[in-house]
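One letter stands for each residue in the lines below.
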Amino acid sequence: MPRTPKRASTLARRATTFEGMNDVLEALAKVIDSTTGDEAKKVFVKAALAARDSIRSLTPVITGKLRESIFAARGDENLPNALVGVNYKIAPHAHLVEFGHAGPRPAPPHPYFRPGLVLATPKVKQILKDGLLKVIENAPRKP
């Protein structure tokens, strides 16, 4: 009985952290309420969309399914976060392209996801920094 290959989804689940981000999140926690939480969520989604676009720009295209499968989502509604990943229902072969495989017709790796994230990192940092600082400045102070 053939084994089902492990999915590379753990790569997508790793959180990306930036230097100084904890300080910004602590300041955000002091002023956050439902209104500012929605505004902060919009900033995280904007950053995720920038990362998604960067990853898509490096994605190899044969049928277009792999590029189509890369998404950005709002993540947990109760947390200030967003998610960038691959929809395996659209492109179940995503990890085989990223990491290569040694099947009957071996294929070398064609990395696109991780290099796309690396390429997007400066832009994502700037979006998060500017957006979250703006949310903090515009938020009413808690008593």
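Residues numbered from 1 in each chain as written. Predicted model: local features only at pLDDT ≥ 70, side-chain atom pairs only at ≥ 80, totals over all residues. Heavy atoms only, no water.

Some points on the side chain of Glu-98
Relative to the assigned elements, Glu-98 resides in helix α5 (residues 94–99). Within the buried core, Glu-98 has no salt-bridge partner, and the shortest N-O distance to an opposite charge, that of Arg-114, equals 5.3 Å. Of the polar contacts made by the side chain of Glu-98, one reaches the backbone nitrogen of Tyr-112; its length is 2.9 Å. (Helix = DSSP H or I, 4+ residues; strand = E, 2+ residues; numbered from the N terminus. Buried < 20%, exposed > 50% of the residue type's maximum accessible area, 1.4 Å probe, protein only. Lys, Arg positive; Asp, Glu negative; His and termini not counted. Salt bridge = Lys/Arg side-chain N within 4 Å of Asp/Glu carboxyl O. Polar contact = N/O pair within 3.5 Å; in protein donor to acceptor, adjacent residues only side chain to side chain.)

Observations regarding the packing of aromatic side chains
Here the structure, examined in full by the defined rule, presents one aromatic pair. Measuring from centroid to centroid gives 6.4 Å for Tyr-112 and Phe-113, while their planes differ by 75 degrees, and the two rings are edge-to-face. Considered together, Tyr-112 and Phe-113 belong to a single accessibility category, that of buried residues. (Phe/Tyr/Trp six-rings, centres within 6.5 Å; stacked < 30°, edge-to-face > 60°.)

Points about the nonpolar core
Grouped together as the largest cluster of nonpolar side chains are 25 residues, with contacts concentrated most on Val-86, Tyr-112 and Leu-128. Sorting the residues of this core by element identifies α3 (34–58), β2 (83–86), α5 and α6 (113–138) as the ones contributing at least two each. Counting residues per element, this core draws most heavily on α3, at eight residues. (Core = buried A, V, L, I, M, F, W, Y, C linked by side-chain atoms within 4.5 Å.)

Some points on the confidence of the model for the protein
When pLDDT is averaged across the protein, the result is 80; 76% of the residues are at 70 or more. Of the regions scoring below 50 in pLDDT, residues 1–13 engages in 13 contacts with residues more than four places distant in sequence or in other chains. (pLDDT = per-residue confidence, 0-100. Contact = heavy atoms within 4.5 Å.)

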